[in-house]
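Breakdown of the fold
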Amino acid sequence: MAMANPTVVLVPVWGVGHFVPMIEAGKRLLAAARGGGRPLTLTLLIMPAPTEKRASEIADHIRDVEQDSESSGLGIRFLYLPAAPAPPPAAGAGAGYSGPEEFISLSMQQYAPHVRAAVAGLLCPVAAVVVDLFCTPLLDAAHGLGVPAYVYLICSAAMCALLLRAPALDDEASAAGGGGGGGEDAQFGEAVHVPGLPPVPPSCLPTGLVDRTVPAYEWFVYNGRRYMEAAGLIVNTVAELEPRVLAAIADGQCTRGVRPPPVYTVGPVLADSTPPAAPPAAEQEAEHECVRWLHSQPPRSVVFLCFGSARFFTAEQAGEVAAALDRSGRRFLWVLRGPPARGEKMFTDGDLAAILPAGFLERTKHRGLVWPRWAPQREILAHAAIGGFVTHCGWNSALESLAAGVPMLPWPWAAEQHYNAFVLAAGVGAAVRVEVDRSRDSFVEAAELERAIEALFGDDGEEGRKARETALEIKAACWKAVEEGGSSLASLRRLSDALHQGAVDVLPASQDSEV
Ligand code: UDP
């Protein structure tokens, strides 16, 4: 009887920005394994989403993947885990979680037995369990069954370096007197050293690392510590994009001289993101209105402003952007969402009349388009008319911009976006810095945005010229990486070989244990 192909078990978390890129990376792995003549399959363990909205986004996406997998014979299947009770936050029920790191990590502790039971029930050899970046409590499920465990990082190698370095950083901060007693002691006092990067200002750290007294911080450090137990770290970056950071990681410089698990760079994994709701019928035509508008603009002339799946603008902040665009005289395409409805968390379609200063749309209609809904960002970035991207620096957006050769003006807001902004400007070099006031909900003044746009688009500035050139170089590197002979394809093949070598038959006895 023919042996079944080993399966790789992916356990994605619910956010579409995590879920979609993880599955996309899995598909690439399957293609690389098949190309190398040693196929693998994917088994996705789906945890019930914490909100209805997330559940429906994920259900839509699963439907697409299932259809795709059926027609192309990819070998992807979905198994649904039973719901685990919501964990109480460390500060007690009703107090709320101190950050996603806390909520996700606590939830994963609850789900570990379910993951273990599901993996124990698989009848084919299991090559690995792959978990998301803040889900290392699930490593216990894999360890308990003797199955190799990997972490998939949807973010940069710089973020991987910071997580790996977090336990040592924590010790250093404690030794220096930052005992977690609140006040200034609660923060990292000076620039933080991340090997391979210029000194990182504490104001650029991810939200999880900003305050050493909250549980989210402890979970950040916890997850970074547990990366050392993985068989490998799979990172959505390109070797040529972050060479110094990757060399520093491999050399043990982030982990007190101890070599960490091998890092597999598999990017850029660019996932087709779905809009939060089906677009109006008129927008489902072959060509989106934003793209049609771009056709009539000169090459590299348009400033594109778009801020991910969660960021919205108040009238005050939108007024500053409008003033900057008014004064700069540049062409622009601005995706503008309004504040959430009362009692909601998600943005609304931008009510342009209410958010924008009077007369702005009329004054700029010959050179600008403001779009109040979801826009096809990847397609827009790939358009020849785009000359620069004002972005919130979600890593998916950053990679999409780099893969299109578009230099950035980073305007971070939450999560690890401030750190990404620093990495893109100071490390990678494909961005011109923007002064963002993190203490005022990441406010940017009109004059500062106008200055930054001119620095990027103007002919004289050295910083802008460098960012434009670097972005084009990185675009070439990104596309080369995924071709035959490229670094990311080679990395996927190495990963595929390692997965085949590590595949185990899960012992029947383990099926009875712990559910
Ligand atoms: N996106 C889009 N249209 C929009 C806003 C966002 O297509 O109007 C896509 C964008 O291309 C990216 C994803 O949504 O793929 C956002 O992911 P990212 O990691 O950049 O940010 P997040 O939304 O997770 O903060």
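Given the structure is predicted, the values throughout are model-derived calculations rather than measurements.

Turning our eyes to something else, we now look at the nonpolar core. Formed by 140 residues in total, the largest nonpolar core has its most connected members in Val 119 and Leu 153. Among the elements that take part in this core, helix H5 (residues 157-175) stands out by supplying eleven residues, more than any other. For this core, the domains that each give at least three residues are domain 1 (7-161 + 226-267 + 483-511) and domain 2 (282-478). Contacts of Leu 153, omitting those with residues within four sequence positions, involve Leu 133, Cys 160, Leu 163, Tyr 227, Leu 233, Ile 234, Val 235 and Asn 236. Within the second largest apolar cluster, 32 residues are counted, among which are Val 321, Leu 325, Val 390 and Phe 457.

The next point concerns helix H10 (residues 315-328). Taking 1.5 Å per residue as the helical rise, H10 with its 14 residues ought to reach 20 Å, and the 20 Å between its terminal C-alpha atoms agrees with that figure. Turning to H10, its buried residues number three or more, namely Gln 317, Ala 318, Val 321, Ala 322, Ala 324, Leu 325 and Ser 328. Projection of H10 onto a plane perpendicular to its axis shows the buried side chains occupying an angular sector of 160 degrees, all on one side. Against the buried residues of H10 lie strand S8 (302-306), strand S9 (331-335), helix H11 (352-355), helix H12 (360-364) and helix H16 (446-457). Phi turns positive one or two residues past the end of H10, at Gly 329, with a value near 75 degrees.

The geometry of helix H1 (residues 16-35) relative to helix H2 (residues 52-72) is characterised by a closest axis approach of 10 Å and an angle of 15 degrees between their N-to-C directions. Taken together, the axis directions place H1 and H2 in an arrangement best described as roughly parallel. Considering the relative orientation of H1 and H2, their crossing is right-handed. Across the interface between the two elements, Val 16, Phe 19, Val 20, Ile 23, Lys 27 and Arg 34 from H1 touch Arg 54, Glu 57, Ile 58, His 61, Ile 62, Val 65, Asp 68 and Ser 72 from H2. Partitioned by chemical class, the residues of the contact of H1 with H2 number seven nonpolar, two polar and five charged.

Another aspect to go through is the site of the ligand. Residues in contact with the ligand amount to 16 residues; listed here are only the nearest, Ser 309, Ala 375, Asn 396, Ser 397 and Glu 400. Within the side chain of Ser 309, an N or O atom sits 2.4 Å from an oxygen atom of the ligand. Protein chains bury 88% of the 540 Å² of accessible surface belonging to the ligand in isolation. With four residues, the top contributor of residues to the shell around the ligand is helix H14 (residues 395-403). Here the shell around the ligand is built from residues that sort into five nonpolar, nine polar and two charged.

Let us look at the sheet that holds strand S5 (residues 149-153). Here we have seven strands laid out as an open sheet, ordered S3-S2-S1-S4-S5-S6-S7, and parallel in their pairing. Strands with a single pairing partner mark the edges of an open sheet, and in this sheet they are strand S3 (76-80) and strand S7 (263-265). Averaged over all adjacent pairs, the angle separating strand axes in this sheet is 25 degrees, with direction ignored. Sheet topology note: the strand S4 (residues 126-132)/S5 ladder contains four bridges and is parallel. Opposite Val 130, over in S5, you have Tyr 150 as the bridge partner. Here H1 sits on the sheet and contacts strand S1 (7-11), strand S2 (41-46), S3, S4 and S5; the angle it forms with S2, its principal contact strand, is near 165 degrees. Running over the sheet, helix H3 (residues 100-120) touches S1, S2 and S4 and is turned about 145 degrees from S2.

The next subject is the domain arrangement of the protein chain. Taken as a whole, the protein chain is organised into domain 1 (7-161 + 226-267 + 483-511) and domain 2 (282-478). On a C-alpha basis, the centres of domain 1 and domain 2 stand 31 Å from each other. Between domain 1 and domain 2, the contact holds 15 residues from the first and 14 residues from the second. In this assembly, domain 1 and domain 2 are joined by three residue pairs in polar contact (both at pLDDT 80 or more). Residue assignment for the side of domain 1 that touches domain 2 shows that the elements contributing at least two residues are H1 and H5.

According to the stated counting rule, one finds 20 salt bridges in the structure shown. A salt bridge links Asp 140 to Arg 226; its shortest N-O distance comes to 2.6 Å. Taken as a pair, Asp 140 in helix H4 (residues 139-145) and Arg 226 in helix H7 (residues 215-226) lie far apart in primary sequence, 86 residues in all. By relative accessible area, which is 41% here, Asp 140 ends up partly exposed. Its relative accessible area of 8% is what places Arg 226 among the buried residues. We note a salt bridge from Glu 435 to Arg 433, for which the minimum N-O separation is 3.2 Å. Judged by its relative accessible area of 46%, Arg 433 is partly exposed. Beyond isolated ion pairs, a larger network of salt bridges with shared partners links Glu 24, Lys 27 and Asp 68.

Reading the values: the criteria
Throughout this document, residue positions are counted from 1 along each chain, in the order its sequence is written. In view of the model being predicted, local features appear only for residues whose pLDDT reaches at least 70, and side-chain atom pairs are presented and counted only at 80 or more, with totals across whole chains, interfaces and linings using the full set of residues. Side-chain metrics rest on all non-hydrogen atoms present in the structure, leaving aside hydrogens and water. Remark: nonpolar core denotes a set of buried residues (Ala, Val, Leu, Ile, Met, Phe, Trp, Tyr, Cys) joined through side-chain atoms within 4.5 Å. The buried label goes to any residue with under 20% of its type's maximum accessible area, the exposed label to any with over 50%, and the partly exposed label to all in between, with areas taken from a 1.4 Å probe on protein chains only. Only DSSP runs of H or I with at least four residues qualify as helices, and only runs of E with at least two residues qualify as strands; both kinds are numbered from the N terminus onward. Residue ranges labeled as domains rest on an automatic or database domain assignment. Two residues form a contact once any of their heavy atoms are found within 4.5 Å. To estimate the expected span of a helix, subtract one from its residue number and multiply by 1.5 Å. Directions pointing from the helix axis toward each C-beta atom define the arc. Axis definition: a line fitted to C-alpha atoms, over the contacting stretch in the case of helices. Angles run 0 to 180 degrees between N-to-C directions. Roughly parallel means an angle under 35 degrees; roughly antiparallel, over 145; roughly perpendicular, 65 to 115; everything else is oblique. Two helices crossing with the near one rotated counterclockwise from the far one by less than a right angle form a left-handed crossing, whereas a clockwise rotation gives a right-handed crossing. Lys, Arg, Asp and Glu make up the charged group, whereas Ala, Val, Leu, Ile, Met, Phe, Trp, Tyr, Cys and Pro make up the nonpolar group; the residues left over, Gly among them, are polar. Any residue with a non-hydrogen atom lying within 4 Å of a molecule or strand is treated as near it. In protein, a polar contact requires one atom able to donate a hydrogen and another able to accept it; more generally it is a pair of N or O atoms within 3.5 Å, and residues adjacent in sequence count only if both atoms are side-chain atoms. Here the Shrake-Rupley method, with its probe set to 1.4 Å, supplies the accessible areas, and only the displayed protein chains count as covering residues. For two strands to count as paired, DSSP must find a minimum of two bridges between them. A carboxyl oxygen of Asp or Glu within 4 Å of a side-chain nitrogen of Lys or Arg is what we treat as a salt bridge.

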